[in-house]
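Chains, contacts and geometry: an overview
Spelled out, the chains give:
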Amino acid sequence: MAPHAVAVLADAHFHDPSGDFGGAGIVVEGVRLALRSWADTRIAARAFNETAGTLAAALEKVAAAGVRHVVLAGDYSDDGQAENIRRLVEVLQGFEDRCGLRFYAIPGNHDLYGPHGKHVTTRFVSAPGQTVMVTSDAEQAEVGAVVTPAMRCGGQPAALLPMARFGLFRQPEYLHWESPFGADDRPEARMYEAVAADGSVTQRLMDASYLAEPEAGLWLLMIDANVFEPRAGRPDATRKKAFIGPSDAGWNALLRVKPFLLDWISDVTARAQALGKTLVSVSHYPVLDPFQDVAGSERALFGETAIVRRTSGPQVAQALIGAGLRWHIGGHMHVNATTRTADGRLIDLSLPSLVAFPPAFKILRASGDVVSAETVSLADVPPDVGISAVYRAAGQGEALPLGALLAAQRRANVMERRLVHDWPPAVRVLVMDRNAGFLVELVGGDAAAFAGRHGLDAGALCACPLRDLIADAYLIKVAGPLAVQWVTADRLALCRALAGEFGDDSADPRQGARGFLQRFLSVLKVSLDRMDAEDSAIIPAAAGLSRGRPPRYPAVD
């Protein structure tokens, strides 16, 4: 039997510049485009304006590969705006009709908010060098703003109804469909009580999880790990602050707020095993740390960052292993990684975003106990002519394909945001105008001797700007094997030598620049180990093939 094939796309963040956002935008060659500015785009963490074209390019690649089933693993919209959801549905239906694709969606933190939704505000280019506020919130609108319901992010179930065709509700062609509550797909049959941590507030919410069998033997377990935890003392569910937002909640909060899902997952995995079904489990959030930060270096270096807050604790792995889950796919972190517990009982495939560095998606092929993953890069998506014209008027140089645009964006983000906001000022000032040779001397080595030991050119070592090397480390951390296209071979060799000789995960960043940089290099070492260890096998046919696991990732008792 041929293996089941499923394309999994995460964090598409779809925004259609040709959408109608109350008439806001700039006219380019006779077409009105609702675009974020080049100033916003240049140093952001992801693309905005390129997302519609990128999703179309990704789906063309899926169709060309002969894959029919497409999972949208959350954050399928920019920020849940009604107009973007409407246009997304049109795009997906177009690919269904033209290419025979079938879609299965699960929401992420950008796609809806609580039971009543929220206002969304942004700025679109209105003329060269000018932007206009566009918002759904008339009370907060500035003078001259465009106020339109097209910007409103819906709640659930209302925000799910336009996407109903895509797995979230039963479809006639499915061989099987169920939710954690049974066969009834009506929203009112899929409600649960979410309780604040202190028990003071209870809200009745819908859970969007479902199990679908789109072809014989293939079970898609779509888990709604989007958790809206009621905030203590905030009983008015119509107010945004009534809930702790889902961005940092994920599986850690799911265990507290939606424990009923674990019983359902356990039941599904047991039935899949008994019936010989191939089970593909997906949520928007990772269940293991994609960065494999066993030493806690992110917190030691930078404090309670979004990465720290979003990382699943060991209790998540414990619970899922107890529920019989063997492997899982998630997005949210925009990271290309495969993580295994030390005993190999749980494997998590972390998906890159379509529109953040590195732009890519995965095609899974599953048969029996063998599941393989192919990474499909979107780096070659060409620039859009109209968008490029607006960027060029704002100071962008050459129009770049998507991969080069996002690599440059990530480097600019590191230089102008991460170094500025995350790094200690004294360390930042020290490294900004130094070179890699200075780093060797700072951490206790001799630059010339170091170069000789590692077969490096001493002149090139001292000519390499340290800030560029730091940016390389950030690219390697999120891209895994895909980093080799964007970090040169000689720079990779230098990274390996520095991380291998001077990376120390016991160094104390609080003890000055030397300790900080040694600890930073230890993170780079883990990133390089992850990059080298990646392979296409999620669940190998033999346990001995799980060679990609770093030896210090903790087992779960």
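Residues numbered from 1 in each chain as written. Predicted model: local features only at pLDDT ≥ 70, side-chain atom pairs only at ≥ 80, totals over all residues. Heavy atoms only, no water.

Digging into the overall build of the chain
Note the following rule: Helix and strand definitions follow DSSP, with helices as H or I runs of at least four residues and strands as E runs of at least two, each counted in order from the N terminus. This radius of gyration counts C-alpha atoms alone. The globule rule is 2.2 Å times how many residues there are, raised to the power 0.38. The buried label applies to any residue whose accessible area, calculated with a 1.4 Å probe on protein chains only, is under 20% of its type's maximum; exposed applies above 50%, and partly exposed to all values in between. Computed with the Shrake-Rupley method and a 1.4 Å probe, the accessible areas treat only the protein chains shown as cover for residues. His is not counted, nor are the chain ends, whereas Lys and Arg count as positive and Asp and Glu as negative. In plain terms, the charge of a residue is placed at NZ if it is Lys, CZ if Arg, CG if Asp and CD if Glu.
Counting its regular elements, the chain contains 18 helices and 22 strands. At 24 Å, the chain has a C-alpha radius of gyration in line with the 24 Å of a compact globule built from 557 residues. For the C-alpha atoms alone, the extent of the chain along its principal axes is close to 70 × 60 × 50 Å. Taken across its 557 residues, the chain has 56% of its residues classed as buried. Carbon and sulfur atoms make up 52% of the accessible area of the chain, which totals about 21400 Å². Across the chain, 55 positive and 63 negative side-chain charges occur, with their mean positions spaced 2 Å apart.

Quick word on the packing of helix α16 (residues 466-479) against helix α18 (residues 513-533)
Heads up, the rule is: Here, axes are lines fitted to C-alpha atoms. For helices the fit covers the stretch in contact, and angles between N-to-C directions go from 0 to 180 degrees. Oblique is the label for any angle not covered by the other classes, which are roughly parallel (under 35 degrees), roughly antiparallel (over 145) and roughly perpendicular (65 to 115). Take the far helix as the reference: if the near one is turned anticlockwise from it by less than a right angle, the crossing is left-handed, and if turned clockwise, right-handed. The contact rule is simple, with two residues in contact once any of their heavy atoms fall within 4.5 Å. Throughout, the ten residues Ala, Val, Leu, Ile, Met, Phe, Trp, Tyr, Cys and Pro are labelled nonpolar, Asp, Glu, Lys and Arg are labelled charged, and all others, Gly among them, are labelled polar.
One can describe the packing of α16 onto α18 by two numbers: an axis separation of 9 Å at closest approach and a directional angle of 40°. When the axes of α16 and α18 are compared, the pair comes out oblique. The element α16 and its partner α18 pack so that their crossing is left-handed. Counting all contacts with α16, which are made through I470, A473, Y474, I476 and K477, the residues of α18 involved are F520, V523, L524, S527, L528, R530 and M531. A breakdown of the residues in the contact of α16 with α18 according to their chemical character gives nine nonpolar, one polar and two charged.

Let's talk about a positive patch on the surface
To keep it simple, the criterion reads: Patch membership requires over 30% relative accessible area and the absence of a salt bridge. Like charges are linked within 9 Å, and nonpolar side chains (Val, Leu, Ile, Met, Phe, Trp, Tyr) within 5 Å. Here a salt bridge means any side-chain nitrogen of Lys or Arg lying within 4 Å of a carboxyl oxygen belonging to Asp or Glu.
Side chains of R231, R234, R239 and K241 sit close together on the surface and give a patch of like positive charge. Relative to the elements of secondary structure, K241 occurs in the loop between β14 (229-230) and β15 (243-244).

What to know about the pattern of salt bridges
Applying the stated rule across the entire model yields 35 salt bridges. For R46, the salt bridge is made with D78, and the minimal N-O distance between the two is 3.0 Å. Taken together, the positions of R46 in the loop between α1 (38-42) and α2 (51-64) and D78 in the loop between β4 (69-73) and α3 (82-99) put the pair 32 residues apart, joining distant regions of the chain. The same class applies to R46 as to D78, namely buried. For R165, the salt bridge is made with E96, and the minimal N-O distance between the two is 3.8 Å. One end of the pair, R165, is in helix α4 (residues 164-168); the other, E96, is in helix α3, and 69 residues separate them in sequence. Members of the salt-bridge network, linked through shared partners, are D16, E83, R86, R87 and E90.

Some details on α2
Along an α-helix, residues three or four apart share an orientation, since each turn contains 3.6 residues. Using the following cut-off: By this rule the span expected of a helix is its residue count minus one, scaled by 1.5 Å. The directions from the helix axis to the C-beta atoms are what the arc is built from.
The first and last C-alpha atoms of α2 sit 20 Å apart over 14 residues, in line with the 20 Å expected at 1.5 Å per residue. Burial in α2 covers these residues: T51, A52, T54, L55, A58, L59 and V62. Buried residues of α2 fall within an arc of 160° about the axis and therefore sit on the same side. Buried residues along α2 sit in contact with β1 (4-9), β4, α3, β5 (102-106), β20 (360-367) and α11 (402-421). Of the residues flanking the end of α2, it is G66, one or two places downstream, whose phi is positive at about 80°.

A word on unusual backbone geometry
Omega for the bond connecting Q156 with P157 falls within 30 degrees of zero, at 15°, which places this linkage in the cis form. One non-glycine residue with positive phi stands out, namely D11, at about 55°. Structurally, D11 can be placed in the loop between β1 and β2 (26-28). In this structure, E29 is a non-glycine residue whose phi angle is positive, near 50°. Assignment of secondary structure puts E29 in the loop between β2 and β3 (31-33). E29 gets classed as exposed once you look at its relative accessible area, which sits at 73%.

All quantities given are derived from atomic positions and should not be read as evidence of function.
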